[in-house]
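# Descriptive structure summary
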Amino acid sequence: MNSPLHNSDEKNTWNSQEPSLASMVSPLRIALHETADGWCVDVSSLTPCDAMMALAREDLLEDSTILCGVGASQWVACVQGAVEEGDANAIIREVSNANSPLCADFRMQSVVTSNDGESVCAHVREYDDALMLAATALGRYMSDFLSENVSDPDLGVMDALLHKTGTISIRPIETESFSSFVDVGVSTGQPNEPADIAVIYDIHSNSWHCD
């Protein structure tokens, strides 16, 4: 999807590299929906460790307990305060069985699960935490595409992208690099549907904005 910023004087300087770069970058799909206890966000290309690191705010972790486990899926949870053995066992049961694992304990702020170690399903209390995970995933996508570290988009950018349907899909074939920016085509429909909106990453300012 071409941005209005594209003009004839700004040639794509990576034409010769694009096929190899695209083949190394995984498509990204993010799905967000509200639950009875907060928000659930599924991210196709984010590890459980990266997801929990994104959620690991100092003010939250000071008085929190981190629990983790391995069963049918890997999981890690953040609970405010100390956790006694009985509480921990209840949390373990609910994380394994419940569609909304935050109901296991009202103090649990987030729980991240993964079946393959490369994608996550995260339940969080706060909408901003859900957007933060989405922003982390998009930042990683662009870092992989450019082979360098870039800043994550602001939460407002992710809110604008997810506002329409709660789902976005991004394919490397619809991501175009130019000398000063990258035009990222975003589909808000099914994964195989073409991009209908775009988000722009400005290389020089290391910043993002919606088309």
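Quantities reported herein were computed from a predicted structural model and do not represent experimental measurements. Note on numbering: residues in each chain are counted from 1, in written sequence order. Thresholds applied to this predicted model are a pLDDT of at least 70 for local features of residues and 80 or more for the giving and counting of side-chain atom pairs; totals over whole chains, interfaces and linings are not thresholded and use all residues. Note that the side-chain values use all heavy atoms of the structure and ignore hydrogens as well as water.

### Things to note about the overall build of the protein chain
Each helix is a run of H or I in the DSSP string that is no shorter than four residues. Each strand is a run of E no shorter than two, and both are numbered from the N terminus. The helix and strand tally for the protein chain stands at six helices and 11 strands. Here's how the labels work: a residue is buried when its accessible area is under 20% of the maximum for its type, exposed when over 50%, partly exposed in between, all with a 1.4 Å probe on protein chains only. Across the 211 residues in the protein chain, those meeting the buried criterion constitute 47%. In this analysis, two residues are considered to be in contact whenever any of their non-hydrogen atoms come within 4.5 Å of each other. Pairs at least 24 residues apart make up 54% of the contacts formed inside the protein chain by residues separated by at least 6 positions. The Shrake-Rupley method, run with a 1.4 Å probe, gives the accessible areas here. Residue values count only the displayed protein chains as cover. Here the protein chain displays about 10500 Å² of accessible surface, and carbon together with sulfur accounts for 48% of that area.

### Points about the nonpolar core
To form a nonpolar core, buried Ala, Val, Leu, Ile, Met, Phe, Trp, Tyr and Cys residues must be joined to one another through side-chain atoms within 4.5 Å. The biggest cluster of nonpolar side chains holds 41 residues, and the ones touching the most others in it are Ile-30, Leu-133, Met-142 and Met-158. In terms of residue count, helix 5 (residues 127-146) provides more of this core than any other element does, 11 residues in total. Excluding residues that lie within four positions of it along the chain, Leu-133 makes contacts with Val-41, Leu-46, Ala-51, Ala-54, Leu-55, Ala-122 and Val-124.

### Considering the side chain of His-123
If you trace the backbone, His-123 turns up in strand 6 (residues 120-124). Those residues in contact with His-123 that sit more than four places away from it in its chain are Thr-35, Trp-39, Cys-40, Asn-99, Ser-100, Pro-101, Leu-102, Gln-109, Ser-110 and Val-111.

### Looking at the pattern of salt bridges
The working definition used for a salt bridge is a side-chain nitrogen of Lys or Arg within 4 Å of a carboxyl oxygen of Asp or Glu. If you walk through the whole model with that rule in mind, you get six salt bridges. Across the pair Arg-140 and Asp-50 runs a salt bridge, and its minimum N-O distance is 2.7 Å. Taken together, the residues Arg-140 in helix 5 and Asp-50 in helix 2 (residues 48-55) connect sequence positions 90 residues apart. Of the residues examined, Arg-140 reaches a relative accessible area of 37% and is grouped as partly exposed.

### As for unusual backbone geometry
Even without a glycine there, the phi angle at Ser-147 is positive, about 60°. Position of Ser-147 relative to the elements: it lies in the loop between helix 5 and helix 6 (155-162). Even without being glycine, Asn-206 reaches a positive phi, approximately 55°. Looking at where Asn-206 falls in the secondary structure, it is placed in the loop between strand 10 (197-202) and strand 11 (207-210). Of the residues examined, Asn-206 reaches a relative accessible area of 31% and is grouped as partly exposed.

### Overview of the environment of Ile-200
With respect to the element layout, Ile-200 can be found in strand 10. Exposure remark for Ile-200: the relative accessible area of 1% places this residue in the buried category. For the pair Ile-200 and Phe-181, spaced 19 residues apart in sequence, the C-alpha separation works out to 6.8 Å.

### Observations regarding the packing of helix 2 against helix 5
Packing of helix 2 against helix 5 brings their axes to within 9 Å, and their N-to-C directions diverge by 125°. Of the possible angle classes, the one that applies to helix 2 and helix 5 is oblique. The hand of the helix 2/helix 5 crossing is right-handed. Taking contact as the criterion, the partners of Asp-50, Ala-51, Ala-54 and Leu-55 in helix 2 are, on helix 5, Asp-129, Met-132, Leu-133, Thr-136 and Arg-140. For every element, the axis is a line fit to its C-alpha atoms; helices are fit only across the contacting stretch, and the angle between N-to-C directions ranges from 0 to 180 degrees. Angle categories: roughly parallel below 35 degrees, roughly antiparallel above 145, roughly perpendicular from 65 to 115, and oblique for all the rest. Left-handed is the label given to a crossing in which the near helix is rotated counterclockwise from the far helix by less than a right angle, and right-handed is the label when the rotation is clockwise.

### Section: the pairing of strand 11
By this definition, two strands are paired if DSSP reports at least two bridges between them. Strand direction decides the pairing type here: strand 10 and strand 11, joined by four bridges, are antiparallel. Its bridge partner being in strand 11, Asp-202 is matched across the sheet by Ser-207.

### Some words on helix 4 (residues 85-97)
Expected helix span is given by 1.5 Å per residue-to-residue step, counting one fewer step than there are residues. With 13 residues, helix 4 ought to run about 18 Å at 1.5 Å a step, and its terminal C-alpha atoms sit 19 Å apart, in line with that. Listed in full, the buried residues belonging to helix 4 are Ala-88, Ile-91 and Val-95. Looking straight down helix 4, one finds that the buried residues subtend no more than 60° of arc, so they occupy a single side. Turned more than 90 degrees off the buried face of helix 4, the exposed positions are Gly-86, Arg-93, Ser-96 and Asn-97. Lining the buried residues of helix 4 we find strand 3 (64-70), strand 4 (74-80) and strand 5 (108-114). Along the arc lie the directions from the helix axis toward the C-beta atoms.

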